[in-house]
Amino acid sequence: MGARGWAWPVAIVALLVGSAGANIGFMIVANRDASFAVEPDYYRKAVEWDRAMAQEARNAELGWMVSVRLEPADAGRARLVALVRTARARS
């Protein structure tokens, strides 16, 4: 194989090595810099967010409305009152 025959394999290896080097560099920067943070338990939070968005879409589909207010209670306390209404209850 001549000099031209080695050009493609060398180019592919150089790209792979360059890509691996860049990823290692990004990893080092991410681990040193405090502004790059990993969210603890991010998967569970993402699943809960997806579930909440699905519930919100279902509530909108059903026409549910929720209103919330604070009412005074004994000894300077407050009571949280939530009212859930369907589309039929509003008409």
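Residues numbered from 1 in each chain as written. Predicted model: local features only at pLDDT ≥ 70, side-chain atom pairs only at ≥ 80, totals over all residues. Heavy atoms only, no water.

A. Highlighting the overall build of the protein. Each helix and strand counted, the protein has three helices and two strands in total. Seen in sequence order, the protein has helices and strands lined up from the N terminus as α-α-β-β-α. Relative to its length of 91 residues, the protein is extended, with a C-alpha radius of gyration of 29 Å against a globular reference of 12 Å. By principal-axis analysis of the C-alpha atoms, the protein measures approximately 90 × 35 × 15 Å. (Helix = DSSP H or I, 4+ residues; strand = E, 2+ residues; numbered from the N terminus. Rg over C-alpha atoms; globule rule 2.2 N^0.38 Å.)

B. Quick peek at the pattern of salt bridges. Under the defined criterion, the tally for this structure stands at five salt bridges. Among the ionic pairs, E39 bridges to K45, the shortest N-O distance being 2.5 Å. Among the ionic pairs, R69 bridges to E71, the shortest N-O distance being 2.9 Å. According to the relative accessible area criterion, R69 is partly exposed, its value standing at 42%. Exposure remark for E71: the relative accessible area of 26% places this residue in the partly exposed category. (Salt bridge = Lys/Arg side-chain N within 4 Å of Asp/Glu carboxyl O. Buried < 20%, exposed > 50% of the residue type's maximum accessible area, 1.4 Å probe, protein only.)

C. Representation of the pairing of strand β2 (residues 78-85) in the model. With zero of its eight residues buried, β2 lies for the most part at the surface. Bridging between strand β1 (residues 65-72) and β2 involves eight bridges; their strand directions are antiparallel. Its bridge partner lying in β2, P72 is registered against A78. (Pairing = 2+ DSSP bridges.)

D. Local environment of helix α2 (residues 42-62). Relative to the 30 Å expected for 21 residues at 1.5 Å per residue, α2 spans 30 Å between its end C-alpha atoms, a close match to the ideal helical length. Following α2 by one or two positions, G63 has its phi on the positive side, about 80 degrees. (Expected span 1.5 Å × (residues − 1).)

E. Representation of unusual backbone geometry within the structure. A positive phi angle is found at D41, which is not glycine, with a value near 55 degrees. With respect to the helices and strands, D41 occurs in the loop between α1 (7-32) and α2. Even without a glycine there, the phi angle at A75 is positive, about 55 degrees. Summarising the element assignment, A75 is placed in the loop between β1 and β2.

F. How the structure looks around the pairing of β1. Where burial is concerned, little of β1 is hidden: zero out of the eight residues are buried. In this structure, the hairpin formed by β1 and β2 is closed by a connection of five residues, where A75 is found at a positive phi of approximately 55 degrees.

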